[in-house]
Structures are given as structure tokens and as C-alpha cells.
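Here's the letter readout for the chains.
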Amino acid sequence: MLDTTLPDFLASDAQAAERDAVGPGPVPLTLDVNNVSHSLFIEPKTTLAEALRDSLDLTGTKVGCDRGACSACTVWLDGKPIAACMMLAIDVGSRKITTIEGLAHGDELHPVQSAFIAHDAVQCGFCTPGLVMSCAALLESNPTPTIDDIKAATSGHLCRCGTHPHVHDAMLDASRIRKT
Amino acid sequence: MNSFEWSSPRDIAQAAGVATTTVAAAMVSQSGRLSTDGVVFKAGGIDLLDLMKEGLLVPRGIVNLREIPDLAVIAQADDGGVHIGANVTLAQLAADPVIRTRFLALADVAGNSASPQIRQVATIGGNLLQRPRCWYFRSRDHHCARKGGEVCFAFAGENQYHAIFDHNGCAMVHPETSATALVALGAKLELTNAAGTKRVVGLEQFFLLPEVDIQRENDLTPGEILTAILLPPPAPTSRSIHIKQGETDSFDWPIADVAVALDTAPGGACRAAAVILGAASPVPHRAKAAEALLVGKTIDADVARAAAHAALQGAAPLTKNAYKLPIFETLVRRAILAVVRGG
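Parameters and conventions
- Residues numbered from 1 in each chain as written.
- Chains lettered and ligands numbered in written order.
- Predicted model: local features only at pLDDT ≥ 70, side-chain atom pairs only at ≥ 80, totals over all residues.
- Heavy atoms only, no water.
- Helix = DSSP H or I, 4+ residues; strand = E, 2+ residues; numbered from the N terminus.
- Rg over C-alpha atoms; globule rule 2.2 N^0.38 Å.
- Buried < 20%, exposed > 50% of the residue type's maximum accessible area, 1.4 Å probe, protein only.
- Contact = heavy atoms within 4.5 Å.
- Areas by Shrake-Rupley, 256 points an atom, 1.4 Å probe, with all protein chains shown as cover.
- Lys, Arg positive; Asp, Glu negative; His and termini not counted.
- Charge placed at Lys NZ, Arg CZ, Asp CG, Glu CD.
- Expected span 1.5 Å × (residues − 1).
- Pairing = 2+ DSSP bridges.
- Axes fitted to C-alpha atoms, helices over the stretch in contact; angles between N-to-C directions.
- Core = buried A, V, L, I, M, F, W, Y, C linked by side-chain atoms within 4.5 Å.
- 1 Å grid on protein atoms, 1.4 Å probe; cavity = no way out; pocket = protein on both sides within 12 Å on 5 of 7 lines; lining within 4 Å.
- Points joined across faces, edges and corners; volume = space filled by probe spheres on them.
- Salt bridge = Lys/Arg side-chain N within 4 Å of Asp/Glu carboxyl O.
- Polar contact = N/O pair within 3.5 Å; in protein donor to acceptor, adjacent residues only side chain to side chain.
- Nonpolar A, V, L, I, M, F, W, Y, C, P; charged D, E, K, R; others polar.

## Here's the deal with the overall build of chain B
If you tally the helices and strands in chain B, you get 13 helices and 12 strands. For a compact globule of 343 residues, the expected C-alpha radius of gyration is about 20 Å, and chain B comes in at 20 Å, within 12% of that figure. Taken along its principal axes, the extent of the C-alpha atoms in chain B is 60 × 50 × 35 Å. For chain B, the residues scored as buried account for 57% of the 343 residues in total. In chain B, 64% of the contacts between residues at least 6 apart in sequence involve partners at least 24 apart. About 13200 Å² of surface is accessible on chain B, with carbon and sulfur atoms providing 52% of the total. When the 31 positive and 33 negative side-chain charges of chain B are each reduced to one mean point, those points stand 2 Å apart.

In C-alpha cells:
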């Protein structure tokens, strides 16, 4: 944006920052998702969850409450679980996003995914991608979690089907599988 | 959520010059029709997005503070205390070895706030400046006194989670549980304006009761940025704890929480005491009578019980929240004994 008519002495820092503002219409931005760089053209108000689902077709990330209260939308931001509904896509910057689609290696499931299947830790499945992301993140930082560690790591997740006990069993099993 | 302009300055003074209002001021209206020309700050953005998704805040622009360098650092201060950058996340605080060792009440409260996902993003600065969780305040259908309306709906309504102290015109409880611990630890805030001028204010003095100003919870002025939380060095013989009582074991705001910090002579009498009740009043509530009862005494179970009873002096429960009184009394007693016993 050229501002050639504005005398220099009026161009305060504040005005400079104001000129740096983008939006409210769509703006170009780059998202690194599952180690692939994506170019998007979206409004600043777009949440990360919306960008993943609506722009990138990565619909494994679910939106339940859209207020950070159910954790169904959990993805990793630089390896740490966050609520994708409460993060603006434009705020991600160069940080790396990992979604449920990025957890398996081809046909080889992540140990947490295998353990969820083995322990029937799924009913309707809506909360499952988020729970798997939290559980897998816990194993990254703590390969031998106790049941209390698992409960703490999954404390943000609501599962109305009541699968939590099976999730706990699956996680204890996944940590054993990983060790051997 | 409305569309908005976005800027992400790298400099505090530059950022301060762009915002035109505070979130609190932008949420006040006479008719319920909100202003749409304000530019407001965002740190972690958790409460901001919540307010915007509910249509309670409709800003023209957002100034992102998260990219400002050095605001996310925990550093040793010159006085031997700790300087916590306002962008430090709750997860960072909960895991920091210095905070865990010297300021246990703060590590406790940070590690038990919200969910792991929220703690990863929510900043301590944003946590201290979040708006109340009162369900009437958070409802678009209730134009309450805090939003420029005429009445506080809680007094004649569902007030089971509301204040038992100092509810003069508004019965909200302060939402920032971290403040309960930080007031007990004697925290101060560093606020920076567009001219780069810093002012330091005690956290306890920063909060405003509704009788002082019913439309804002604190003394933040437009263009001012909360840049750091300053913790004085605790006496080597002092210890602190924060206990939170939720309605369930899963994550939620507390129905009652208590922070206690005691400086006790080795094997002897209590030299200084802070007993702060959270979710009890529109601001963190200092239980002065309890503190006075503890100082000078060698604390045992009887002293702790008497202090816990004194902590509720002046309480005025509403129609549905008298249940909070015995909970607070129990929490205060447990917290005092836990500090004394080192557990």
C-alpha cells in the first residue's frame, strides 16, 4: 500500500503498524500440516480447525463445542496438544501442525491407534481423533505413563459414550507395546 | 465471529499505539448494540475468541501480542525475585523448575487450570485479564450492569457460583484463579504504554470492586499492555500452596479456591501470613481476620481451625451459594496445615 501523500513526520509507529494490518478479507498464508506446506487464502477470523477441515479437507479433526471445552479438535502445535478451535490459523505462523491424518506411517498405525482398536476404545468415534492425539503426545513426552498421567493428559476430553476406561486401558497397553 | 483486521507487531510501544480500546470498554453498550470500531489486544486469544464467538465482542481489529520477543520468558529479577513475561503460558509456568521450587502455589494453580490443550496456549497475562465467567455476563440475552445494562441478574437468579463477599451491584466472582495464588505471593504487575513508560502496580490493588467501577474488573487503561508479572523473593522460611475445589474432578473453574503463604520461624511461630480466597468475591479476597489470627502463633490443628473459621468473617451468601462457606472453611484449614506440615 503506497502512502506517498503522507508527510514523514506524521507516519508514527502506530500508523506504520496500522498499515501492516491485513484483512478483514482473505489473506495469503502458509500452514505446515503433517510436514506438507500448504498455501491458503483465508480470512484472519478463520480458526485452525476451520482451515484444516474446510480448506484442506482434513476432516479427521472434529469440532464439538467450538469453545475449547471438549477437546475433540485436538491437534499438535510443534508437538504439543492444543485446541484447534481456539487458535486462529493466521496465528500459527511457522509452527508445525500435526493432525490425526499425520499420525500413521502409511498403512502402519501409530501404537495408540492400534491399541484403541484392540481395546474397543471407540463408540460413536467423534471424540476419538482428539483423544488419540492427546494420548500419542503423552507417549512422546512420557513413554511409561501411569494411569494418573493418562487421566491428566486426557482430562480435557469429553466422551459422551463413556469410553474413558477403555481409553485408559488402551494407553497402558500402547506404552507396553512401545517399550518392547 | 465477525471478520476483523489483524496486525502482529514485534515491538511493545508500536503495538500499544494501535489498540484503540480495552476489551472491557468495547463490551459496554447502552442499548445492547455493540461498537464495531474498536481495536483490541490478543495474547493467547483463548478468552478473546470465546467472547467473539459468543458475539459479546465485535472488534474492528486485533493486535496480536504473541510475536513480541522477550514477553514469553521467565527470568531471575534483580531483587532476587522472578520476572514472568506476560506471554508465558500456563503450561510453561506449571513446568518451570524455579516456579515449582520457590512459588509452589503458582505452579499448582497453573497446572490445574483449564485443560492441557488450553494451558499450552493460554498466557498468564491473558489469564489475569480474562472477563468474568458469570453466565449472565456471558449471555447475549442478558444486558447486565457490567455490560452497560441496569441490573445484575444473579441476585434474583441462578447464583450458585457467585460471590459471597463484596457483591455490591454485581455478584460475579473473579475468573482468574491464578490471581488467588499471585496475590498470596505478593505479585506486582508491570504495565507498558505506547510511550514505552512502565508503571508497576500491586496485583491486589489492580483489581477493582464493582462499587468502584462495575464495567471493568481492573485498572487497565486503553493502550496499556500488561508486560510482566513480578514476584518478590520469598523468605527462605516461607512456603505457599493453592487448593482448588471443583464441582467434578475433570477440568472446570473452581467453586472455591484458596491460596495460603506462610513465613514460619524454624520450629516456631508464624511471622507473616497471606490467606486469599478465590471465587469468593469479584476480586481475590484477602481474609484479614484469618491472617491476623495466624501471625505470632505456633500453628497447630486448633489454630488452623480457628483461622479457617475467621476467614469467613463478613461473608454474605446469596440465595443459592451458602454451600460455599463450609467448603471455604475446609479448604483454608487444609491449606494452612498443608503449608505447616510441608505436604
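## As for helix α4 (residues 128-141) of chain A
All names here are of chain A. Its 14 residues place the ends of α4 20 Å apart at the C-alpha level, agreeing with the 20 Å of an ideal helix rising 1.5 Å per residue. Counting buried positions along α4 yields 12 of 14 residues, so the element is predominantly enclosed. Taken together, the buried positions of α4 are occupied by Thr-128, Pro-129, Gly-130, Leu-131, Val-132, Met-133, Ser-134, Cys-135, Ala-136, Ala-137, Leu-138 and Leu-139.

## A few points about the sheet that holds strand β4 (residues 74-76) of chain B
What links the strands of a sheet is backbone hydrogen bonding, and the strands pair in either a parallel or an antiparallel sense. All names here are of chain B. Strand order in this open sheet of five strands is β4-β5-β8-β6-β7, and the pairing throughout is antiparallel. A strand with exactly one partner marks an edge of an open sheet, and here the two such strands are β4 and β7 (198-202). Going from strand to strand, the sheet's axes swing by 25° on average, the running direction of each strand aside.

## Considerations on the nonpolar core
Ranked by size, the top nonpolar core spans 90 residues in total, and within it A:Leu48, B:Ile84, B:Leu106, B:Leu182 and B:Leu203 carry the most contacts. Beyond its immediate stretch of four places on either side in the chain, B:Ile84 contacts B:Val73, B:Ile74, B:Leu93, B:Ile99, B:Leu106, B:Ile124, B:Thr227, B:Ala228, B:Ile229 and B:Leu231.

## Re empty space enclosed by the protein
Enumeration according to the criterion identifies two cavities of 30 Å³ or more in this entry. Considered as a void within the structure, the largest cavity measures approximately 70 Å³ in volume.

## Quick word on helix α6 (residues 104-111) of chain B
Burial runs high along α6(B): six of the eight residues are buried. For α6(B), the full list of buried residues reads B:Ala105, B:Leu106, B:Ala107, B:Asp108, B:Val109 and B:Ala110.

## Notes on the interface of chain A and chain B
Often the size quoted for an interface is simply the accessible area lost on bringing the parts together. Across the boundary between the two partners, chain A contributes 37 residues, which contact 27 residues of chain B. B:Arg66 serves as the salt-bridge partner of A:Asp91, at 3.1 Å between the closest nitrogen and oxygen. Taken together, chain A and chain B are joined by 12 residue pairs in polar contact (both at pLDDT 80 or more). When contributions to the side of chain A that touches chain B are tallied by element, the ones reaching two or more residues are α1 (13-19), β4 (80-83) and α5 (147-153) of chain A. When residues of the side of chain A that touches chain B are assigned to their parent elements, the largest contribution, five residues, is made by α1(A). Here the side of chain A that touches chain B is composed, by residue class, of 18 nonpolar, nine polar and 10 charged.

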